[in-house]
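Below, each chain spelled out in residue letters.
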Amino acid sequence: MVQKEDGGLMDLSFYLPGSSVLHRMPTWSKFFLLISFSILFYAIEDLRILAVILAAAIALVVYVRVPVRRLKAMFLLPLFMVLLFSIFSAFVNDLNAGLLTFFRLTSLVIIAACVTVTTRIEDFMAFIENLLLPLSFIPFIKPKTVSLTLSLTLRFIPEIFKLGMDIKEAQAARGLNSNPLALIVPLIVLTLKRADDISDAIDARMLD
Amino acid sequence: MATKDIVFIALFAAIIAALGLLPAIPVVGIPAPITAQTLGVMLAGSILGPKRGALAVLVFLVLVLAGLPLLAGGRGGVEHFIGNSGGFLVGWFFGAYVIGFILKNFISDSQVNIRAHFIIFIACFLGGICVVYLPGILWIARNTGSSIFDVYLGSLVFIPGDLVKAVIAMLVTVAVRRVYPIALK
């Protein structure tokens, strides 16, 4: 991911190109459906219905054609956590409660992951900007400022990561490899000291 | 918001992300290495202040929501907000605010004496642990249908590690204040 030397930022993304219905749906509708599902699934108490929903969610993964390699990277940890909490729930409550938790959360996590792999980062950013548009009467929230901030962050993540690796190496050479202060303090100071230059550069281009 | 505030917010959001991507740091005396991401959340509040710190966390969370694998261990996507970590992620935002708020109101911007150490630690404890765990625990209790008290007992396992993080956050904050003091906002 970020570790790749020459890879662009989009290497960071989980997005999978494709032409399924999920790919073609507008971003807002995907998030609206996801939120509706997360309310709806908690209203269902019948395990049989929830089992059908889980089967449908698994069918969705097959339909979107998420490669197995990606599946492992994306699902393993969230699903493990769901399993852990389901067992926890079965233990403190009863088996039925554990199964309810497992079916609901697994379905939701799978559907949410399908939304993640079928939504481009650019589309999501545009969605956020549109979402903020009605709020732009608040002086604090300007859609332009929001997209500037998000893209600035994206621009600097690989750079700060590389700076962190460099500092780590330099400190290891000094025998400081198990001292968190030796890494984090210079990382923060060196990064924040650039804020003046960066904001001057933005002002010189007259963002406002 | 001046341009420089926006730049501070963006850079700190990137620092939180980079801290999650960097390999975990082994700390002398603790068996498990610590991931630095939640440390980054505490530092956002203690170094930038309440508003900018909370906004830096918000920017980071929006990027995670957008599907970037920026959570420690290369995870990301909307499923993490729906799963059991959701409440903690929301708690990060308020935690950073509370830490910044306490520092801003109880010590001056460049104070680094014993009293400052103490207040920074208390702020990191209240904001970075109590405020973060509150929505986290409520969320899991709702998800699993179990009692809040049971979830609270279950999550006590993570408290020692978080206390170590609060101490490290205090030391980092003081060190950064010494070399590069920033007026809290």
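One can find the structure itself at the top, above this paragraph.
### Quick look at the packing of aromatic side chains
Phase 1 of the analysis: Throughout the structure, instances matching the rule amount to 8 aromatic pairs over all chains.
Phase 2 of the analysis: Judged by centre distance (5.4 Å) and plane angle (20°), the rings of Phe31 of chain A and Phe127 of chain A are stacked. On the criterion of sequence distance, the pair formed by Phe31 of chain A in helix α2 (residues 27–43) and Phe127 of chain A in helix α6 (residues 121–132) is long-range, its members being 96 residues apart.
Phase 3 of the analysis: Between Tyr97 of chain B and Phe101 of chain B, the ring centres sit 6.3 Å apart and the planes meet at 20°, which makes this aromatic pair stacked. Taken together, the residues span about one helical turn, with Tyr97 of chain B and Phe101 of chain B both in helix α5 (residues 86–106) at a distance of 4 residues.
Phase 4 of the analysis: Using a relative accessible area of 35% as the deciding quantity, one classes Tyr97 of chain B as partly exposed.
Phase 5 of the analysis: Judged by relative accessible area, Phe101 of chain B falls into the partly exposed class, the value being 41%.
Phase 6 of the analysis: Note that Arg155 of chain A overlies the ring of Phe156 of chain A, its terminal NZ or CZ placed 4.7 Å from the centroid.
Phase 7 of the analysis: Stacked on the ring of Trp139 of chain B, the Lys or Arg Arg142 of chain B has its end atom at 5.6 Å from the ring centre.

### A short note on helix α9 (residues 195–204) of chain A
Phase 1 of the analysis: Within α9 of chain A, burial applies to Ala195, Ile198, Ser199 and Ile202 of chain A. Looking straight down α9 of chain A, one finds its buried side chains confined to an arc of 95°; they lie on one side. Structural note: α9 of chain A exposes Asp197 and Ala204 of chain A on the side pointing more than 90 degrees away from its buried face.
Phase 2 of the analysis: Looking at the packing, one finds that the buried side of α9 of chain A touches α7 (143–173) and α8 (180–192) of chain A together with α1 (3–21) of chain B.

### Some remarks on the side chain of Ser155 of chain B
Phase 1 of the analysis: Here Ser155 of chain B lies in helix α7 (residues 148–155).
Phase 2 of the analysis: When residues no more than four places from it in sequence are discounted, the contact partners of Ser155 of chain B are Tyr133 and Ile137 of chain B.

Cut-offs applied
Residue numbering note: each chain is counted from 1, following its sequence as written. To read the labels, note that chains go from A and ligands from 1, taken in the order they are written. Only residues with pLDDT of 70 or above have their local features reported here, since the model is predicted, and side-chain atom pairs are shown and tallied only from 80 upward, although totals for entire chains, interfaces and linings are computed over all residues. Computation of side-chain values covers all heavy atoms of the structure but excludes hydrogens and water. Ring pairs shown here join Phe, Tyr and Trp side chains whose ring centres sit within 6.5 Å, with only the six-membered ring taken for Trp; geometry is labelled stacked below 30 degrees between planes, edge-to-face above 60, and tilted in between. Secondary structure elements follow DSSP: runs of H or I of four or more residues count as helices, runs of E of two or more count as strands, with numbering from the N terminus. A 1.4 Å probe rolled over the protein chains alone gives each residue an accessible area, and that area as a share of the maximum for its type sets the label: buried under 20%, exposed over 50%, partly exposed in between. As a reminder, the over-ring test applies to NZ of lysine and CZ of arginine, requiring each to be within 6 Å of the ring centre and within 35 degrees of the ring normal. As used here, the arc belongs to the directions running from the helix axis to the C-beta atoms. Here a residue-residue contact requires only that any non-hydrogen atoms of the pair lie within 4.5 Å.

Function cannot be read off these values alone, since they describe shape.
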